[in-house]
Amino acid sequence: MVTQTRLTPATCAGYREGFRIGYRPCSALKPAQANMKSAMEHPDIVTEYLDRECRLGRMLGPFKPATHLPQLQINRFGVISKGHNTGKYRLITDLSFPPGQSVHDGIDSDICSLEYTTVDEVAACAVSLGAGALLAKVDIESAYRLIPVHPQDCVLQGMRWEGAIYVDPMLPFGLRSSPKIFNAVAEALHWHLVQSGITHLYHYLDDYIMVAQPVVGVVGVVAPGQVETIKRCHPLVCISAVSDFSSYLTTGPLRKVSNMLL
């Protein structure tokens, strides 16, 4: 299990000034001339994403091509489907293109290594608490998009769409160092939650998993008709929720409630 740490000066500075992405110039960058095929196949998805991010203040633009943006690196991007959310897509920036002249060529992969909590660790904790243990998973909505990038590195995160230029000032999906940077914030939040009294807590990037001892007489929040099944099987009751830090709302629809037998 990754050891949680309190909010460090480096993390505080990152939130105040933006996080450095670890880029060290090693060769001349070459701008992308075209976006990936998946972006061209889903133009409405891309336009909707860029409009929403601009509206939320998480994307800068659109700028006219003639706008003076010195040293701005234009990267290609595509979209991929969110497997667990049919009809929803995620924009992925390709910072490894072109090989030898990309942003990723200037970011050492060694500084991006990360050790994740494993399913086995969570399962072992649940088993140790016995039949009827409670488990809750909370997912942070748009996690990477809450983390600012330092202005000196924002110039490495340019994009072009429909003749306009955009600059991404937040952590993008596809950046080699994004998981490591976000995890620094996630670890600080983990530490705070533990100090607040949550004993059995794990996190996998933006997914926080809490395990609790069985409560006599309390089965948990379950869908109608499942209570008898729970009494027969003595399951681990699992509740899934999503936290949106931008609106301070946490939601957990009944369709996300599931039972996992010990």
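The model shown is predicted, which means the values in this text are computed figures rather than measured ones.

Draft legend 1. Fine view of the overall build of the chain. Within the chain, the secondary structure is distributed over seven helices and 11 strands. The proportion of buried residues among the 262 residues of the chain is 39%. Counting only carbon and sulfur atoms, one obtains 58% of the accessible surface of the chain, whose full area is about 14,400 Å².

Draft legend 2. Geometry of the nonpolar core. Among the nonpolar cores identified, the biggest contains 28 residues, and I21, V103, I107, I147, L171 and F182 are the most heavily contacted of them. For this core, the secondary-structure elements that each account for two or more residues are β6 (164-167) and α6 (178-195). Listed in part, the 12 residues of the second largest apolar core include A39, V46, L91 and W161.

Draft legend 3. The arrangement of the side chain of R145 in detail. Positionally, R145 belongs in the loop between β4 (134-140) and α5 (151-154). Here R145 falls in the buried class, since its relative accessible area comes to 3%. Within the structure, R145 has its side chain in polar contact with the side chain of Y49 (distance 3.4 Å). Excluding its chain neighbours within four sequence positions, the residues that come into contact with R145 are Y49, E53, R58, M59, D168, M170, L171 and P172.

Draft legend 4. Looking closely at the pattern of salt bridges. Summed over all chains, the structure comprises eight salt bridges. A salt bridge links R20 to D153, with the shortest nitrogen-to-oxygen separation between them at 2.9 Å. With R20 in the loop between α1 (9-17) and α2 (37-41) and D153 in helix α5, this pair connects stretches of sequence that are 133 residues apart. Using a relative accessible area of 42% as the deciding quantity, one classes R20 as partly exposed.

Draft legend 5. How the structure looks around the packing of aromatic side chains. With the rule as written, the count across this model stands at five aromatic pairs. Ring geometry for Y15 and F19: centres 6.0 Å apart, planes at 75°, overall edge-to-face. Ring geometry for Y116 and Y204: centres 4.6 Å apart, planes at 25°, overall stacked. Of the two residues, Y116 is situated in the loop between β3 (89-94) and α4 (119-129) and Y204 in strand β7 (residues 200-204); the sequence distance between them amounts to 88 residues. Taking relative accessible area as the criterion, Y204 reaches 41% and is therefore assigned partly exposed. In this structure an aromatic cluster arises from ring pairing among Y144, F173 and F182. It is R76 that lies over the ring of F97; its NZ or CZ is 3.9 Å from the centre. The ring centre of F173 lies 4.3 Å from the NZ or CZ of R90, which sits over that ring.

Draft legend 6. Structural context of the environment of R16. Tracing the backbone shows R16 in helix α1. As a C-alpha pair, R16 and H150 span 134 residues in sequence and 9.2 Å in three-dimensional space.

Draft legend 7. Focus on unusual backbone geometry. The omega torsion across G61 and P62 is -5°, close enough to zero to call that bond cis. Looking along the chain, the bond that leaves F97 and enters P98 is cis, with omega of -5°. Along the chain, P98 turns up in the loop between β3 and α4. For Q71, which is not glycine, the phi torsion reads 65° and is therefore positive. On the secondary structure map, Q71 appears in the loop between β1 (60-63) and β2 (76-81). Unusually for a residue other than glycine, E162 sits at a positive phi of about 50°. Inspection of the secondary structure puts E162 in the loop between β5 (158-161) and β6. Exposure remark for E162: the relative accessible area of 62% places this residue in the exposed category.

Conventions adopted
Residues numbered from 1 in each chain as written. Predicted model: local features only at pLDDT ≥ 70, side-chain atom pairs only at ≥ 80, totals over all residues. Heavy atoms only, no water. Helix = DSSP H or I, 4+ residues; strand = E, 2+ residues; numbered from the N terminus. Buried < 20%, exposed > 50% of the residue type's maximum accessible area, 1.4 Å probe, protein only. Areas by Shrake-Rupley, 256 points an atom, 1.4 Å probe, with all protein chains shown as cover. Core = buried A, V, L, I, M, F, W, Y, C linked by side-chain atoms within 4.5 Å. Polar contact = N/O pair within 3.5 Å; in protein donor to acceptor, adjacent residues only side chain to side chain. Contact = heavy atoms within 4.5 Å. Salt bridge = Lys/Arg side-chain N within 4 Å of Asp/Glu carboxyl O. Phe/Tyr/Trp six-rings, centres within 6.5 Å; stacked < 30°, edge-to-face > 60°. Lys NZ or Arg CZ within 6 Å of the ring centre and 35° of its normal.

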